[in-house]
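# Summary of the model geometry
Listed below, chain by chain, are the residues.
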Amino acid sequence: MEYSYYYPAYPTQQVAAKLDSHIDIHRQAYNYALYEYENVDADDIGSAYNHHYRLPDWKDEFSVFSEVNSKALQRTVTRFYQNLNGLSEQKQNGRKVGNLNWKSPGEFQSMTYSQSGFELKNTSGRNATLWLSKIGDISIRYHREIPDEADIKEVTIKKETTGGWFVSFGLETDDLPEILDVDSLNVDNSVGVDLGIRKYIHTSDGTTVDWLGLEDEYERLRREQRNLSRKDQGSNNYEKQRQTVAKVKRHIRRKVLDYQHKITTWLVREHDAVFVEDLDVKEMLEQSHNARNKQDAAWRRFITHLEYKAELYGTLVVQVEPAGTTRECASCGVETAKPIWVREHSCPSCGFECDRDANAAMNVLQRGFSELGLEWPEDTPVETALPTDTHSVSAKRVIETGSPTLNEATPVAE
Ligand SMILES: [Zn+2]
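Quick summary incoming for the structure in this document.

The next point concerns the packing of helix α5 (residues 215-229) against helix α6 (residues 236-270). Axis separation between α5 and α6 bottoms out at 9 Å; the angle between their running directions is 165°. As the angle between them shows, α5 and α6 are arranged roughly antiparallel. In the crossing of α5 with α6, the sense of the turn from one axis to the other is left-handed. Judged by residue contacts, Glu217, Tyr218, Arg220, Leu221, Glu224, Gln225, Asn227 and Leu228 of α5 engage Tyr238, Gln241, Arg242, Thr244, Val245, Val248, Lys249, His251, Ile252 and Lys255 from α6. Looking at the contact of α5 with α6 residue by residue, the classes come out as seven nonpolar, five polar and six charged.

Shown next, in the form of structure tokens:
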């Protein structure tokens, strides 16, 4: 259940000035989202969720957007899409409405912190303190206690036309969790995914997808960055070149994002359940080094996409214990150390042989099943569940058809 509580707020003059300036930056962000929505043709525009991925680009291009809390900035983009949806609902109800307009300063008087960047403190008396990241402490009149069992999801701070301030807390109290019907899961239609080293992904049913080749793009980036280093900092040429560099970076980011979108959509659309390794645990195990952090972040985003889309498609996505998925034999469970260059799994104990990553993906699948409390079906021994041939798919194919599956069904809108 979701509901809101309102409180009058009394920022100091100094804090109020900060609030004014932040809200104005949010107003510009709102207007910029509208601008991009109407004028820019790109895959990551059209929903709040996608549009959030443009925010790093915004910050590259306009440093002012780095000044505000980034979750709150996302929330402002979401607000734009909420208004858009509200508008189209009104249209559907037969009302005559225009388009969304740019907000002038008088029309945009609030910002919302979502999930993080805020804290409610000192709640024992009649006054309490709201802390907002990048703003500071704000005193509020705490005339009504927030129930213990309620989670604060959001905080909105608003300037009234009178010049007074209000905060509202978006609260949520748990409803009963939905009971998942794991018994109806189809084993044959569930898949374990090994997140790649040699391949981008390797699934337990033998599909491999290549890494996206970005050599040309990175070469171009290096060239433009070299150019930038030769310009005089602060000059017009420098500024121009800086924007070119930002553009190339953006282009790369979009390509990767689009690739991830396509593969995750395919995974959740085609399967009942998708199992992946738990990256948090994996990183702890491997104590990943700085050089790898970028790819770790990319995998994290991959899993975020996967989980988000799983909800849309009613697919189950489960992260499993990653320790030893490569060493363990998918057939008998005996562990064998394998250096990175050994591409085949060949079990000294039971003799089971297959591709190293296929073996890992199969272990991920089995762990997913035991995580759900399901038995691995006895009539499906690993040797028959594993495909004898690997179905290898190029990045180009995924980009063009949106899917690694050969006979692709009709594409589904996201
Ligand atoms: Zn074995």
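What follows is about the coordination of the zinc ion. The coordination sphere of the zinc ion contains the protein donors Cys329 (SG), Cys332 (SG), Cys347 (SG) and Cys350 (SG), at a distance range of 2.2 to 2.3 Å. Mapping the donors of the zinc ion onto the primary sequence gives the spacing C-x2-C-x14-C-x2-C. Of the two residues, Cys329 sits in the loop between β12 (316-320) and β13 (344-346) while Cys347 sits in the loop between β13 and β14 (353-355), which places them 18 residues apart along the sequence. Overall, Cys329 belongs to the buried group, its relative accessible area being 1%. Take Cys347: its relative accessible area is 5%, and that puts it in the buried class.

Turning our attention to the sheet that holds strand β9 (residues 201-203). Two orientations exist for strands paired in a sheet by backbone hydrogen bonds: parallel and antiparallel. Reading across from one edge, β12-β11-β8-β9-β10-β15 is the order of the six strands in this open sheet, with mixed pairing throughout. Across the chains shown, the open sheet's two edge strands, defined by having one partner strand only, are β12 and β15 (391-393). Taking the axes of each pair of neighbouring strands and ignoring which way they run, one obtains an average angle of 20° across the sheet. Pairing analysis gives three bridges linking strand β8 (residues 190-195) to β9, with the strands arranged antiparallel. Counted as the bridge partner of Val193 is Thr203 from β9.

Spatial ordering of the open sheet is given by β2-β6-β7-β1-β5-β4-β3, a layout of seven strands whose pairing is antiparallel. Two strands bound the open sheet, and with one partner strand each, they are β2 (110-114) and β3 (118-121). Geometrically, the sheet is characterised by an average inter-axis angle of 30° between neighbouring strands, direction not taken into account. Bridge count for β2 against strand β6 (residues 150-159) is five bridges, and the pairing is antiparallel. Along β6, the bridge assignment pairs Met111 with Ile157. Relative to the sheet, helix α1 (residues 13-39) contacts β2, β4 (127-132), β5 (136-141), β6 and β7 (165-173), its axis offset from that of β2 by approximately 85°. Helix α4 (residues 70-92) contacts β2 and β6 of the sheet and is inclined by roughly 115° relative to β2.

This part takes up the packing of aromatic side chains. Within the structure shown, the criterion is met by 22 aromatic pairs. With a centroid separation of 5.7 Å and 85° between ring planes, the pair formed by Tyr49 and Tyr53 is classed as edge-to-face. Residues Tyr49 and Tyr53 agree in their burial class; the two are buried. Note on Tyr49 and Tyr308: the rings are 3.8 Å apart at their centroids and 10° apart in plane angle, and the pair reads as stacked. In this pair, Tyr49 sits in helix α2 (residues 48-51) while Tyr308 sits in helix α8 (residues 290-313), placing the two residues 259 residues apart along the sequence. By relative accessible area, Tyr49 is classed as buried at 16%. For Tyr308, a relative accessible area of 33% translates into the label partly exposed. Grouped by ring-pair contacts, the aromatic residues Tyr30, Tyr37, Phe80, Tyr81 and Phe108 constitute a single cluster. In this structure, Arg79 is placed above the aromatic ring of Phe108, and the distance from its NZ or CZ to the ring centre is 3.9 Å.

Rules and cut-offs
- Each chain carries its own residue numbering, running from 1 in the written order of its sequence.
- Predicted model: local features are reported for residues with pLDDT of at least 70 only, side-chain atom pairs are reported and counted for 80 or more only, and whole-chain, interface and lining totals are derived from all residues.
- Excluding hydrogens and water, the side-chain figures rest on all heavy atoms present in the structure.
- Axes, fitted as lines to C-alpha atoms, cover a helix only where it is in contact. Angles between the N-to-C directions of the axes lie from 0 to 180 degrees.
- In DSSP terms, a helix is any run of H or I states spanning at least four residues, a strand is any run of E spanning at least two, and both are numbered starting from the N terminus.
- Comment on the angle field: the value is read as roughly parallel under 35 degrees, roughly antiparallel over 145, roughly perpendicular from 65 to 115, and oblique elsewhere.
- By definition, turning the near helix anticlockwise from the far helix through less than a right angle yields a left-handed crossing, and turning it clockwise yields a right-handed one.
- Any two residues whose heavy atoms approach within 4.5 Å at even a single point are treated as in contact.
- Amino acid classes used here: Ala, Val, Leu, Ile, Met, Phe, Trp, Tyr, Cys and Pro are nonpolar; Asp, Glu, Lys and Arg are charged; the rest, including Gly, are polar.
- Note on donors: an N, O or S atom is included if it sits within 2.8 Å of the metal, or within 3.2 Å for Na, K and Ca, and water is never included, so sites can look incomplete.
- Burial here depends on accessible area, computed with a 1.4 Å probe over protein chains only, as a share of the maximum for the residue type. Under 20% is buried, over 50% is exposed, and the range in between is partly exposed.
- The criterion for strand pairing is that DSSP finds at least two bridges linking the strands in question.
- By convention, a stacked pair of Phe, Tyr or Trp rings (six-membered ring in the case of Trp) has centres within 6.5 Å and planes under 30 degrees apart, an edge-to-face pair has planes over 60 apart, and any other such pair is tilted.
- Whether a charge lies above a ring is judged from NZ of Lys or CZ of Arg, which has to be within 6 Å of the ring centre and within 35 degrees of the ring normal.

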